[in-house]
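# Reading the structure
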Amino acid sequence: MALPEPKPAGHTIRRLRASDRAEILAYFLRLDPETRANRFMGAVGEAGIRAYAERAVTAEGLIFGAFVSGVLRGVAELRPSRAGATAFDLGAEAEAAFAVERAYRRRGLGGALFARITEAARNRRVGDLHVRCLARNGPMRRLALRYGADLQASGMEAEAALHLERPTPFSLWHEGIAEAFDLTIAALRPRGLPPA
């Protein structure tokens, strides 16, 4: 597995919380039709986006955001594959999903989100991380391959499988520091202003 990438300069990658719901909805609604279809594996209308965004921060697993100049421009989600997951143990397998707004690609946001997701998965006892995408989604396929995933395409879909190492004291410490930073940024964010 590749080492975590440094955060792109001028960007913030942090865990999203219930207080970020409005930003998550605005982000998903801004996605162009192709990016939205790539993220959701098909066409999704505004009503579906609104329903999804409403439950994104309360569903099992974790969600992270990439902010550029205080505006959410990329989202990565880590979801357990089976019921019964806990905050500290997502189970042996989990799934990840990513999307970055078209105008903000090729800036390292996808790589930074992927690094954060793989560390969070590893530290929650996930052994195998899966990413499904449309076969035509070149950016997602390249990102998965860069992290050493085994990529299999079948028809219109592709699936990347990444085997994760067991957590170490350092990986747990590193994520703990990142979580403390995330919580501080979320708590100190002035209400009514864009998130940091």
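Described in the following lines is the structure provided in the data block. For every chain, the first residue of the written sequence is number 1, and numbering continues from 1 onward in sequence order. Local features are withheld for residues below a pLDDT of 70 in this predicted model, meaning they are given only at 70 or higher, and side-chain atom pairs are given and counted only at 80 or more; totals for whole chains, interfaces and linings count all residues. Note that the side-chain values use all heavy atoms of the structure and ignore hydrogens as well as water.

## Digging into the environment of E119
To qualify as a helix, a DSSP run of H or I must reach at least 4 residues; to qualify as a strand, a run of E must reach at least 2; elements of each kind are numbered from the N terminus. Among the secondary structure elements, E119 is positioned in helix α4 (residues 109-123). Residues E119 and E175, spaced 56 residues apart in sequence, show a C-alpha to C-alpha distance of 7.3 Å. Discounting chain neighbours no more than four positions away, the residues touching E119 are S171, H174 and E175. Any two residues having at least one pair of non-hydrogen atoms within 4.5 Å are treated as being in contact.

## What about the sheet that holds strand β5 (residues 128-134)?
At least two bridges found by DSSP between two strands are what make those strands a pair. Strand order in the open sheet made by the seven strands is β1-β2-β3-β4-β5-β7-β6, with mixed pairing throughout. The sheet is open, and its two edges are formed by β1 (11-15) and β6 (150-154), each paired on a single side. When the angles between neighbouring strand axes are averaged without regard to direction, this sheet yields 20°. In terms of strand pairing, strand β4 (residues 93-100) meets β5 through four bridges, oriented parallel. Across the sheet, A94 pairs through a bridge with L129, a residue of β5. Angles run from 0 to 180 degrees between N-to-C directions of axes, and those axes are lines fitted to C-alpha atoms, restricted for helices to the stretch in contact. Together, β3 (71-80), β4 and β5 form the strand contacts of helix α2 (residues 33-40), whose direction differs from that of β4 by roughly 180°. Sheet strands in contact with helix α5 (residues 138-146) are β4, β5, β6 and β7 (157-163), and its direction is about 160° off that of β5.

## Observations regarding the packing of aromatic side chains
Aromatic rings from Phe, Tyr and Trp, taking only the six-membered ring of Trp, are treated as a pair when their centres fall within 6.5 Å; an angle between ring planes under 30 degrees marks them as stacked, one over 60 as edge-to-face, and anything in between as tilted. Applying the stated rule across the entire model yields six aromatic pairs. Taken together, a centroid distance of 5.4 Å and an interplanar angle of 55° make the contact between F28 and F40 tilted. Placement of F28 in helix α1 (residues 21-30) and of F40 in helix α2 is noted, with a sequence separation of twelve residues between them. With respect to class, F28 is no different from F40; both count as buried. An angle of 5° between the planes, with centres 5.0 Å apart, marks the rings of F98 and F114 as stacked. Of this pair, F98 sits in strand β4 while F114 is found in helix α4, placing the two residues 16 residues apart along the sequence. For every residue, the accessible area (1.4 Å probe, protein chains only) is compared with the maximum for its type, and the residue is labelled buried under 20%, exposed over 50%, or partly exposed between those bounds.

## Here's the deal with the pairing of β3
Burial analysis of β3 places nine of its ten residues in the buried class, which makes it a mostly covered element. Bridge count between strand β2 (residues 62-68) and β3: seven bridges; the pairing is antiparallel. The residue bridging G65 from the neighbouring strand is V75, located in β3. Sheet analysis places β3 next to β4, joined by seven bridges and oriented antiparallel. Looking at the pairing, V75 lines up with A99 of β4.

## As for the pairing of β6
Where β6 lies against β7, five bridges are found, and the strand directions are antiparallel. When the bridges of β7 are listed, S154 appears paired with E157. The hairpin turn running from β6 into β7, its antiparallel successor, is two residues long, and G155 in that turn takes a positive phi close to 65°.

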